[in-house]
Amino acid sequence: VADAIWDNELFKEFEETDSREERCLIAKYFDTDECDLAKNEIAYRVRKEDESFVAALKWKGYSEDGLHVREELNVPVTSYTPDPAVFRESPIGTQVMELSGDRSLNCIMETAVSRRSFRIDTGKALFEISIDSGRIETEYGREPIEEGEIELFSGEQDDLLEIGRRLQKKFSLEEENGSKYSRGMEIIKKNR
């Protein structure tokens, strides 16, 4: 199915020229030993994207019918080493520093994904369609990742929903309300 989506010309008229890329993404998610960030519905991730690193905070999220909505803040960094101070200019960064205090942030899970992606510009909205294959890994177990994702960069959410419906219908796709992070947290919760 992933190859069929990648090779299909369903969105050819809207696809941005030369936007296709294939990347290896390895992400580490960090929290205190007591999972203080998770208890406050905050995810702290550092992801290696080819040769660069990007730290991200994600919060205030919900998922319904496969649509994931959340706040996200990204900052370029130089390594996997977690440092909440890189977010200190934002209220959420201040909250993360207060929640973690002087306790260390440890890697609680890792994802490794081979991602194929391309951008769509409908004239009203700009999206990225990604096809991911890989794994979620925690000290308690692992789970495969085989998913497609449509990320809205700018514009109308209605266009995103329409693109999702078209993909779902053409390829008989199932909606997934669990993010990679939430699926990893489920593995941890079941085994702690």
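Scroll up to find the structure this text is about.
Residues numbered from 1 in each chain as written. Predicted model: local features only at pLDDT ≥ 70, side-chain atom pairs only at ≥ 80, totals over all residues. Heavy atoms only, no water.

**Q** Go over helix α5 (residues 180-191), please, and point to the residues and values.
**A** Between the first and last C-alpha of α5 there are 17 Å, a value that for twelve residues agrees with the 16 Å anticipated at 1.5 Å per step. Within α5 the residues assigned to the buried category are Lys180, Tyr181, Arg183, Gly184, Met185, Ile187 and Ile188. Considering only its buried residues, α5 is in contact with β1 (21-31), α2 (36-39), β2 (42-49), β5 (106-121), β6 (125-138) and β7 (141-155). (Helix = DSSP H or I, 4+ residues; strand = E, 2+ residues; numbered from the N terminus. Expected span 1.5 Å × (residues − 1). Buried < 20%, exposed > 50% of the residue type's maximum accessible area, 1.4 Å probe, protein only. Contact = heavy atoms within 4.5 Å.)

**Q** Please give an account of the state of the cysteines that cites residues and values.
**A** Disulfide: a covalent bond formed between the sulfur atoms of two cysteine residues. Counted according to the given criterion, the structure contains zero disulfides. Free of any disulfide, Cys107 has its nearest cysteine sulfur in Cys35, 12 Å distant. (Disulfide = S-S within 2.5 Å.)

**Q** An account of the sheet that holds β1 is requested, with residue identities and associated values reported.
**A** With respect to topology, seven strands assemble into an open sheet ordered β4-β3-β2-β1-β5-β6-β7, the strand pairing being antiparallel. Each of the sheet's edge strands pairs with one partner strand only, and the pair in question is β4 (67-77) and β7. Each strand axis lies, on average, 30° off the axis of its neighbour in the sheet, ignoring direction. Along the sheet, helix α4 (residues 157-171) contacts β4, β5, β6 and β7; its crossing angle with β7, the most-contacted strand, is approximately 135°. (Pairing = 2+ DSSP bridges. Axes fitted to C-alpha atoms, helices over the stretch in contact; angles between N-to-C directions.)

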